Amino acid sequence: MGEWFREHAWAAWLMVGLVLAGAEMLTLDLTLLMLSGGAFAAAGVAVFFPHAWLAQVIVGVVVALAMLLGLRPTLLARMRRAPGYRNSISKLVGSTALTTRAISHSDGEVKVNGDTWTARSYDPKVTIEVGERVEVYEVDGTTLVVYPADRP
């Protein structure tokens, strides 16, 4: 079996590239996709130079680094500028939460989707008691600005 891989190193690199590309579908961070590109480049070298392991590794690493440092930031910036893009923090806006500590205009705590966040009231005159449902109005840094969901 080891002899087969030495003779068909391109197939091993191709498998590594396919596994990394498939795993990228789970993360959607574009990191594994760039590493996959390096593995595919190494596969290309292995087709022409099957016994030059060092050359395959060097080409794979150089291509992966070039893609990580050059292409990935550009693709992420384009993706974030796309219409309708919302990151995980901005997706909290409009969510319903449960108050776990009384909320004033300067302090409080809520639980949203199983995560605990610091919160403050949208209206400085309103205090929200423990156990009340609130809706997230905006995200201010790491603090959620909320208002009571059940009050008029």
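See the structure printed just above.
Residues numbered from 1 in each chain as written. Predicted model: local features only at pLDDT ≥ 70, side-chain atom pairs only at ≥ 80, totals over all residues. Heavy atoms only, no water.

1. Focus on the side chain of T99
Okay, step 1: With respect to the secondary-structure elements, T99 resides in strand β1 (residues 96–101).
Okay, step 2: A polar contact is formed between the side chain of T99 and the backbone oxygen of E132, at a distance of 2.9 Å.
Okay, step 3: When residues no more than four places from it in sequence are discounted, the contact partners of T99 are E109, V110, I128, E129, V130, G131, E132 and V134. (Helix = DSSP H or I, 4+ residues; strand = E, 2+ residues; numbered from the N terminus. Polar contact = N/O pair within 3.5 Å; in protein donor to acceptor, adjacent residues only side chain to side chain. Contact = heavy atoms within 4.5 Å.)

2. Digging into the packing of helix α2 (residues 9–27) against helix α3 (residues 31–48)
Okay, step 1: Their axes nearest at 8 Å, the elements α2 and α3 cross at an angle of 165 degrees. Considering their axes alone, α2 and α3 lie roughly antiparallel with respect to each other. Where α2 crosses over α3, the two elements pack in a sense that is left-handed. Contact residues: α2 offers A9, W10, W13, L14, V16, G17, L18, L20, A21, A23, E24 and T27, while α3 offers T31, L32, L33, L35, S36, A39, F40, A42, A43, A46 and V47.
Okay, step 2: Of the residues that constitute the contact of α2 with α3, the class distribution is 18 nonpolar, four polar and one charged. (Axes fitted to C-alpha atoms, helices over the stretch in contact; angles between N-to-C directions. Parallel < 35°, antiparallel > 145°, perpendicular 65-115°, else oblique. Left-handed = near helix turned anticlockwise from the far one by under 90°. Nonpolar A, V, L, I, M, F, W, Y, C, P; charged D, E, K, R; others polar.)

3. Structural notes on the packing of aromatic side chains
To describe a pair of aromatic rings, one takes the distance between the centres and the angle between the planes.
Okay, step 1: Scanning the entire structure with this criterion turns up two aromatic pairs.
Okay, step 2: For the pair Y122 and Y137, a centre-to-centre distance of 4.3 Å together with 50 degrees between the ring planes defines the contact as tilted. Within this pair, whereas Y122 is found in the loop between β3 (115–121) and β4 (133–140), its partner Y137 is found in strand β4, the two being separated by 15 residues in sequence.
Okay, step 3: Ring geometry for Y137 and Y147: centres 6.4 Å apart, planes at 70 degrees, overall edge-to-face. With a gap of 10 residues between them, Y137 in strand β4 and Y147 in strand β5 (residues 143–148) connect regions that are remote in the sequence. (Phe/Tyr/Trp six-rings, centres within 6.5 Å; stacked < 30°, edge-to-face > 60°.)

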